[in-house]
4 protein chains.
Amino acid sequence: MSGNTFGTQFRITTWGESHGPAVGVVVDGCPAGLPLSEADIQVDLDRRRPGQSQVSTSRSEEDMVEILSGIFEGRTMGTPISMIVRNKDARSSAYDDIRNTPRPGHADYTYQAKYGLRDHRGGGRSSARETVGRVAGGAVARKLLAQAGIDVVGYVTELGGIRSSISSISAVPAHSLKISDLRSAAESNPVRCPDQKAIALMLQAVEESRKEGDSVGGVAEILAVGVPPGIGEPVFDKLDADLAKALMSIGAVKAVEIGAGIECARMRGSGMNDPLAFIKGTEGKVGFETNNAGGILGGISTGAPILCRIAVKPTPSISKMQRTVDLVTGDDAEIEIKGRHDPSIPPRIVPVAEAMVALVLADHLLRQRSARLMD
Amino acid sequence: MSGNTFGTQFRITTWGESHGPAVGVVVDGCPAGLPLSEADIQVDLDRRRPGQSQVSTSRSEEDMVEILSGIFEGRTMGTPISMIVRNKDARSSAYDDIRNTPRPGHADYTYQAKYGLRDHRGGGRSSARETVGRVAGGAVARKLLAQAGIDVVGYVTELGGIRSSISSISAVPAHSLKISDLRSAAESNPVRCPDQKAIALMLQAVEESRKEGDSVGGVAEILAVGVPPGIGEPVFDKLDADLAKALMSIGAVKAVEIGAGIECARMRGSGMNDPLAFIKGTEGKVGFETNNAGGILGGISTGAPILCRIAVKPTPSISKMQRTVDLVTGDDAEIEIKGRHDPSIPPRIVPVAEAMVALVLADHLLRQRSARLMD
Amino acid sequence: MSGNTFGTQFRITTWGESHGPAVGVVVDGCPAGLPLSEADIQVDLDRRRPGQSQVSTSRSEEDMVEILSGIFEGRTMGTPISMIVRNKDARSSAYDDIRNTPRPGHADYTYQAKYGLRDHRGGGRSSARETVGRVAGGAVARKLLAQAGIDVVGYVTELGGIRSSISSISAVPAHSLKISDLRSAAESNPVRCPDQKAIALMLQAVEESRKEGDSVGGVAEILAVGVPPGIGEPVFDKLDADLAKALMSIGAVKAVEIGAGIECARMRGSGMNDPLAFIKGTEGKVGFETNNAGGILGGISTGAPILCRIAVKPTPSISKMQRTVDLVTGDDAEIEIKGRHDPSIPPRIVPVAEAMVALVLADHLLRQRSARLMD
Amino acid sequence: MSGNTFGTQFRITTWGESHGPAVGVVVDGCPAGLPLSEADIQVDLDRRRPGQSQVSTSRSEEDMVEILSGIFEGRTMGTPISMIVRNKDARSSAYDDIRNTPRPGHADYTYQAKYGLRDHRGGGRSSARETVGRVAGGAVARKLLAQAGIDVVGYVTELGGIRSSISSISAVPAHSLKISDLRSAAESNPVRCPDQKAIALMLQAVEESRKEGDSVGGVAEILAVGVPPGIGEPVFDKLDADLAKALMSIGAVKAVEIGAGIECARMRGSGMNDPLAFIKGTEGKVGFETNNAGGILGGISTGAPILCRIAVKPTPSISKMQRTVDLVTGDDAEIEIKGRHDPSIPPRIVPVAEAMVALVLADHLLRQRSARLMD
């Protein structure tokens, strides 16, 4: 069984290769009645679009989305929403050299091993270009979440060894977090880091590695606020399990953390457990004094902000000489990678990671509608 | 849509609450012809069984499995395999106190928020007792994997702040790893750590925290060898994505890493990328000089060992006084948790994590059968 | 991918063979809060139980159900409901003769061809005994439907060539049908026919065929009233499509009709189309003057009664000599079938068909909860 | 959960409305390595295309397909195959009159009831135009089946009350049926009936009803030969169950029969059961002397030809005056339907029904790959 569909009730199917005619997505399961236009999608596509700064690839794509179905008089109809983006600036000849010599750190060898053939141009289906469909689908999810008062924001917290001082896991009550400030700060700079002091250092680290024909990795966080308590489906489709899958399915992600994440291994129960308390000024609304759980307990949302963290590996496409094999001649080989590539992935991964988190939340929000008897 | 089924082609559905009559699992999609008996299942159930050492709960369960279907004359028939384990040593009255006061770090509050009612006894469905079904199903998967030459082993690498010197990520060629040695070393001690020097320190750390009415967390690794290149289903059901979901769906896991994991964020591309080379003495078999990728590129297995790492939070059940709320009276409250609990989860999580990894691999092994035209 | 799970949001997984230790079902996706006890299940199991009359097999099974999970203090919890029924009156030796000689009209040959091995005793998994799980799961669905004012009833309309005068397709407004009368009339006699004049003739037809070592087929209808307009999921999971699958998945069913069914082929559009009209005495509720559509248009319920009809083949187990093959010797062969069998299937298929219809309706009722934006 | 995806391992997702910009399909799960081009798709699209004869609508669409992904150098890659067909001859203004007055026999009222809004132009998503995606996806399935020696053909057996003498259910050994002859005969005339004597009568019946502003129904058969024994997944995803769903999901189909179908209700076991016999001249290949089972026993293929039959209702769009309601004014109303419509559906449903059968067979052929241990 193939794996190009994500979600159960709010579901996307993406398609397309880097150097094929187009990439796209079909969204199925979006409830009828949601106001939606191409402009809603375009805003997120523009955020992931390449060629925007010195830390992203120079491939130039307009990435104008066309909605082909599912909308009538400005609203979703409950029928599938098909969206397409044409590929325009593909330069396939740059990839002739790698047809038989798999690039280290890339999916070239594994696609060949799996399918027996592959489109080697620009990585084919394994290209980051595939995320156009995710972002377009995520934009619909985001619109649905907004109706429920849920907002999702992502930002870079570490890049090229530079760690920012941003920390979302310590004691953040749901009601006070200003997610809009976080977004403004992150979107104001090319590395998408909300910590103004770290930006220049991060840019410098990226630039240094690029000069040496190398690349750097980093860390990003995705935060969701306004998620009501109760969403997530034990015991396998837990909210954190589905978030982990969603985020790990993005190329270059090698670790996913929820809340305190890896640090929980060094904590004691008395420090890790988040005490419960009624939120003052509400009529019996339950809150948590800390949020080490990252907004999820037993795979179900607590009502506190949901916090995910991803580790992103350095771009595998580097211009340094690398050892590989020639699958046709059977000899060991060396390659230098040409083509246009991001010197660092984390800034551009942010809108993709937001999209994946939004898709999971939209799906589980709908799934929760069946958890209880109707009143 | 509920979430008690895991996998697509090799699929388990688990059921049961901690203090209900029984727990169990239905395995669907196991190919016909596999030799299977209750003894094959029991060996793994015995490894996860409580009451085996000072680092696990004193609840005493025999956990004898009964296979109710799917086997004829010692072989699987391709029909569903239903397995059941009766609950025997449940002491429900110990939980009367927590009916209305959710335990911090537990799923009590979130189950109540989700469903509007819950079985509070022993955590009900959110209890670790639910993992009996996972381990029983995983034992079937493991038997299937063995037919394909695949082996899965888990072990603890860090506990209560004590880190062992075990490191599987550095340059481990697929053909030399002695997984059987790793297993023997891990299974010989109650903390399931293969590093003999760390064992005593870990036991001491657990004991100290217990004396203080507290608990500790840790880290475990799961390693799979013999996985052929080519399994995993891009772009959403990537092998690493499904492993992340599988492992994050286990209670207490707050982070999942693949290969170099979080460390990749601090590496450069030239250090992270694993160079390819033909394996000497084979007829053109491709290997990797290092294994930072953890055996997965582009969501597809490379043929190198698959390495997963999980961070496990400290047991939330601690006897220290904790702040919570009383959902009935509407007052803030305090609780001390009674009942029988593991002072530390990582050693007992190992067979569960192995089971989840085995389930993912068995599923993807079958999924790969449809990737190409038949010869 | 195996096929022992039915439904998406309200979902059952059945397991068990005719001569194994037990048969059972896991229900996942039943909303929390539904009052449910073993008595609710037993009533339908008793209706499908063998050994009740001269038109059913003499195999004697108590079929007492045990609920193993999912219920707390008399209500569903939203967690999986596992139910088990032990097999008690299996006489396996009666089947020794057919181990290598597939019975005509049975699944013996095809199971062998598919899996390479099979449990030949009593048909193994292909036995009608498998429907215990369907009926138990259907009883839960029925309870859920009752909360929504939906009722499902089945009855025999034709048996052994005797057609009753019952006709549900002609002009039946939703509000006037007395489904309880239909049920009482059907359940009062062993052939489950509500037409009192046809009963004796049907019994006679069954008896005559039995005397000749033969068997008869028939037709049954299943009617659902109270289904609100709007359920069903185009374009593939249409309500009629899912009903057709549900009913055709029952052994012995060879045709499924909705509403006018096969007769529509001979009608003109002006006769087939059901005119719409506001129902008098309601505030703008829409009704249909006739119901040739059987309550479904475009795969979505209209609000009129849903009417399904199934053709049931004569029991393949007959005592007349039949030609077959010996799979071991490679010779043509002859068999006379021993064992205990129903001389006619339609009366006993009724509770199974009701269960399948109830499962489809419960599933789609939940699916409809996600069709629109929340108010 | 929405329902626009069909199949499990070979899977299509269709999208598009009658008067939207385009219609299309994404095929996921097609094995890598299959030769495929737009010409392979176009041939089937041309067969379903409107405007080809006096028995189909005069809407004129070129229906040129564009493949947007999944193909590289003339072969499938194992990645999703996205196909699109632009809508060109939509005349939306013709539908202004029906915006508030649902057409009897159409999905207008039910879509409105389900989603709260709908695209009324040309029926929107409920239009037969949606079947473009099915046929395009089915063409890929058909190509895959051809590799396995499987062929699927459909034809009309009854139209407007005229029954042809074609009968496929009586004693048809698998090896002698000339499916190519059947196809040539059916495709040579506008009613797609292989019985030359019936064609003129059928055309006359259609013409007569059209003159009266009315429409006629009919019956079609779909036959698949070359299907190996062993495909189909009990107990719910039986081959006949999935075929029933596939065929019933096509608009206008009100009954599905397998093999002897409804007639089995009037047969005795001794007449219905198909005797088994070794096929002469083969090395132990099993055949059946008759094929009342329609090639399926216990939900699994027998190796004999698979025979499905569908009853197709008369086109609901008729120009006669019909009674309906005005959903806005709340008054009863009358309508005469304008626009362009097929006076009879069966001839044009044939390629759609073939596509659905091909999709089911392709799916189950892949599913069977996991039924047994690998050798």
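Scroll up to find the structure this text is about.
These numbers come from a predicted model, not from an experiment. (Residues numbered from 1 in each chain as written. Chains lettered and ligands numbered in written order. Predicted model: local features only at pLDDT ≥ 70, side-chain atom pairs only at ≥ 80, totals over all residues. Heavy atoms only, no water.)

Some remarks on the overall build of chain A
So, point 1. Within chain A one finds eight helices and 18 strands.
So, point 2. Considered along the principal axes of its C-alpha atoms, chain A spans approximately 70 × 50 × 35 Å.
So, point 3. Sorting the 375 residues of chain A into buried and exposed places 69% on the buried side.
So, point 4. When contacts within chain A are restricted to residue pairs at least 6 apart in sequence, long-range pairs at least 24 apart make up 73% of them.
So, point 5. On chain A, roughly 11400 Å² of surface is accessible, and the fraction owed to carbon and sulfur atoms is 50%.
So, point 6. Averaging the coordinates of the 43 positive side-chain charges in chain A and doing the same for the 45 negative ones gives two points 1 Å apart. (Helix = DSSP H or I, 4+ residues; strand = E, 2+ residues; numbered from the N terminus. Buried < 20%, exposed > 50% of the residue type's maximum accessible area, 1.4 Å probe, protein only. Contact = heavy atoms within 4.5 Å. Areas by Shrake-Rupley, 256 points an atom, 1.4 Å probe, with all protein chains shown as cover. Lys, Arg positive; Asp, Glu negative; His and termini not counted. Charge placed at Lys NZ, Arg CZ, Asp CG, Glu CD.)

Notes on the interface of chain D and chain C
So, point 1. If you look at the interface, chain D gives 111 residues, while chain C gives 111 residues.
So, point 2. Surface buried jointly by chain D and chain C totals about 8700 Å² across both partners, of which 57% is contributed by carbon and sulfur atoms.
So, point 3. Of all residues in chain D, D:Lys114, D:Phe236 and D:Lys254 bury the most surface against chain C, accounting for 10% of the area lost on that side.
So, point 4. Joining chain D to chain C, the criterion identifies 12 salt bridges.
So, point 5. Summed over the shared surface of chain D and chain C, the number is 61 residue pairs in polar contact (both at pLDDT 80 or more).
So, point 6. With seven residues, the top contributor of residues to the side of chain D that touches chain C is helix H2 (residues 108–115) of chain D.
So, point 7. Residues that form the side of chain D that touches chain C fall into these classes: 48 nonpolar, 34 polar and 29 charged.
So, point 8. Where strand E11 (residues 253–258) of chain C and strand E11 (residues 253–258) of chain D come together, three bridges link them in antiparallel fashion. (Buried area = accessible area lost by both parts, 1.4 Å probe. Salt bridge = Lys/Arg side-chain N within 4 Å of Asp/Glu carboxyl O. Polar contact = N/O pair within 3.5 Å; in protein donor to acceptor, adjacent residues only side chain to side chain. Nonpolar A, V, L, I, M, F, W, Y, C, P; charged D, E, K, R; others polar. Pairing = 2+ DSSP bridges.)

A few points about helix H8 (residues 346–368) of chain D
So, point 1. Helix length check: H8(D) (23 residues) gives 32 Å between terminal C-alpha atoms against 33 Å at 1.5 Å per residue, within 8%.
So, point 2. The buried fraction of H8(D) is high, at 23 of 23 residues. (Expected span 1.5 Å × (residues − 1).)

Regarding the sheet that holds strand E9 (residues 162–163) of chain D
So, point 1. With antiparallel pairing, the 10 strands of this open sheet are ordered in space as E9(C)-E8(C)-E10(C)-E16(C)-E11(C)-E11(D)-E16(D)-E10(D)-E8(D)-E9(D). Both outer strands of the open sheet, strand E9 (162–163) of chain C together with E9 of chain D, are each paired with one neighbouring strand and no more.
So, point 2. Bridge count for strand E10 (residues 218–225) of chain C against strand E16 (residues 306–312) of chain C is seven bridges, and the pairing is antiparallel. Across the sheet, the residue bridging to C:Leu223 is C:Leu307, located in E16(C).

Considering the pattern of salt bridges
So, point 1. Overall, the coordinates contain 124 salt bridges over all chains when judged by the stated rule.
So, point 2. The network of salt bridges with shared partners includes A:Asp44, A:Arg47, A:Arg142, A:Glu187, A:Arg192 and A:Glu354.

A closer look at the pairing of strand E3 (residues 22–28) of chain D
All names here are of chain D.
So, point 1. Summarising burial for E3: seven of the seven residues are buried, a large majority.
So, point 2. Burial along E3 is two-sided: the face carrying Ala22, Gly24, Val26 and Asp28 and the face carrying Val23, Val25 and Val27 are both buried.
So, point 3. Taken together, the six bridges between E3 and strand E7 (residues 81–86) define a ladder with antiparallel strand orientation. Each bridged residue has a counterpart across the sheet, and for valine 26 the counterpart in E7 is serine 82.

Structural notes on the interface of chain A and chain B
So, point 1. Between chain A and chain B, the contact holds 111 residues from the first and 111 residues from the second.
So, point 2. Of the roughly 8700 Å² buried where chain A meets chain B, counting both sides, 57% is carbon and sulfur surface.
So, point 3. Linking chain A with chain B are 12 salt bridges, by the criterion used here.
So, point 4. Counting the contacts that link chain A with chain B gives 60 residue pairs in polar contact (both at pLDDT 80 or more).
So, point 5. For the side of chain A that touches chain B, the element with the highest residue contribution is helix H2 (residues 108–115) of chain A, accounting for seven residues.

Some thoughts on the sheet that holds strand E7 (residues 81–86) of chain B
Residue and element names in this part refer to chain B.
So, point 1. Strand order in this open sheet of five strands is E1-E2-E3-E7-E4, and the pairing throughout is antiparallel. Strand pairing shows two members of the sheet lacking a second neighbour, strand E1 (5–6) and strand E4 (65–67), which therefore form its edges.
So, point 2. Here helix H1 (residues 38–48) sits on the sheet in contact with E4 and E7, set at roughly 150° to E4. (Axes fitted to C-alpha atoms, helices over the stretch in contact; angles between N-to-C directions.)

Remarks on the relation of the copies chain A and chain B
So, point 1. Superposition of chain A onto chain B requires a rotation of 180° combined with a translation of 0.0 Å along the rotation axis, giving an RMSD of 0.0 Å. A rotation of that kind, with that shift, is consistent with a two-fold axis. Looking at the rotation axis and the C-alpha trace of chain A, the residue lying nearest is A:Lys245, at 2.4 Å.
So, point 2. Comparing contact sets, 100% of the residues at the interface of chain A also lie at the interface in chain B, consistent with an isologous, same-surface contact. (Least-squares fit on C-alpha atoms with pLDDT ≥ 70 in both.)

Let's talk about the environment of D:Leu243
Residue and element names in this part refer to chain D.
So, point 1. Here leucine 243 shows up in helix H6 (residues 239–248).
So, point 2. Judged by its relative accessible area of 0%, leucine 243 falls in the buried class.
So, point 3. The sequence separation of leucine 243 and isoleucine 258 amounts to 15 residues, and the corresponding C-alpha distance is 8.9 Å.
So, point 4. Excluding residues within four positions of it along the chain, leucine 243 makes contact with Ile296, Ile306, Cys308, Val357 and Val360.

Structural notes on the state of the cysteines
Residues and elements named next belong to chain B.
So, point 1. This structure, assessed with the given rule, holds zero disulfides over all chains.
So, point 2. In this structure cysteine 264 is a free cysteine whose sulfur lies 15 Å from that of cysteine 308, the closest cysteine sulfur available.
So, point 3. Using a relative accessible area of 0% as the deciding quantity, one classes cysteine 264 as buried. (Disulfide = S-S within 2.5 Å.)

Overview of unusual backbone geometry
So, point 1. Residue B:Pro234 is joined to B:Val235 through a cis peptide bond whose omega torsion reads 5°.
So, point 2. Among the secondary structure elements, B:Val235 is positioned in the loop between strand E10 (218–225) and helix H6 (239–248).
So, point 3. Positive phi, close to 55°, is recorded for A:Asp63, a residue that is not glycine.
So, point 4. Assignment of secondary structure puts A:Asp63 in the loop between helix H1 (38–48) and strand E4 (65–67).
So, point 5. We note that B:Ala252 has phi near 85°; this positive angle belongs to a residue other than glycine.
So, point 6. Topologically, B:Ala252 is positioned in the loop between H6 and strand E11 (253–258).

Overview of the packing of aromatic side chains
So, point 1. Under the counting rule described, the total for this entry stands at 12 aromatic pairs over all chains.
So, point 2. When the ring of C:Tyr109 is compared with that of D:Phe288, the centres are 5.9 Å apart and the planes differ by 65°; the resulting orientation is edge-to-face. Of this pair, C:Tyr109 sits in helix H2 (residues 108–115) while D:Phe288 sits in strand E13 (residues 286–288), placing the two residues on different chains.
So, point 3. Assessed through its relative accessible area of 11%, C:Tyr109 is described here as buried.
So, point 4. Consider the rings of C:Phe236 and D:Phe6, whose centres lie 5.4 Å apart with planes at 40°: the pair is tilted. (Phe/Tyr/Trp six-rings, centres within 6.5 Å; stacked < 30°, edge-to-face > 60°.)

With respect to the side chain of A:Arg192
Residue and element names in this part refer to chain A.
So, point 1. If you trace the backbone, arginine 192 turns up in the loop between helix H4 (179–187) and helix H5 (196–211).
So, point 2. When its relative accessible area of 10% is taken as the criterion, arginine 192 is described as buried.
So, point 3. Side-chain polar atoms of arginine 192 contact the backbone oxygen of arginine 47, separated by 2.9 Å.
So, point 4. Those residues in contact with arginine 192 that lie beyond four places of it in its chain are Arg47, Tyr155, Val156, Ala186, Glu187, Pro347, Arg348, Val350 and Pro351.

Comments concerning the packing of H6(B) against helix H8 (residues 346–368) of chain B
Residue and element names in this part refer to chain B.
So, point 1. As a packed pair, H6 and H8 sit with axes 9 Å apart at the nearest point and diverge in direction by 145°. At the point where H6 passes H8, the crossing takes the right-handed sense. Between H6 and H8, the contacting residues are Leu239, Asp242, Leu243, Ala246 and Leu247 on the first element and Ala353, Met356, Val357, Val360, Leu361, His364 and Arg367 on the second.
So, point 2. Considering only residue class, the contact of H6 with H8 consists of nine nonpolar, one polar and two charged. (Left-handed = near helix turned anticlockwise from the far one by under 90°.)

Description of the environment of B:Ile279
Residues and elements named next belong to chain B.
So, point 1. Mapping isoleucine 279 onto the fold places it in the loop between strand E12 (276–278) and strand E13 (286–288).
So, point 2. Isoleucine 279 sits in the buried class, given a relative accessible area of 18%.
So, point 3. Separated by 10 residues in sequence, isoleucine 279 and glutamate 289 place their C-alpha atoms 9.5 Å apart.

Focus on helix H3 (residues 131–147) of chain B
Residue and element names in this part refer to chain B.
So, point 1. Look at H3: 24 Å from first C-alpha to last across 17 residues, which is about the 24 Å you get at 1.5 Å a residue.
So, point 2. For H3, a buried count of 14 out of 17 residues is recorded, marking the element as mostly surrounded by other parts of the structure.
So, point 3. Of the residues one or two after H3, glycine 149 is the one with positive phi, at around 80°.

A short note on the pairing of strand E8 (residues 151–159) of chain C
All names here are of chain C.
So, point 1. In terms of burial, E8 is largely enclosed, as eight of its nine residues are buried.
So, point 2. Where E8 and E10 come together, eight bridges link them in antiparallel fashion. Within the sheet, the bridge partner assigned to aspartate 151 lies in E10 and is valine 225.
So, point 3. By the bridge criterion, two bridges tie E8 to E9 in an arrangement that is antiparallel. Among the inter-strand pairings, glutamate 158 is bridged to a residue of E9, identified as arginine 163.

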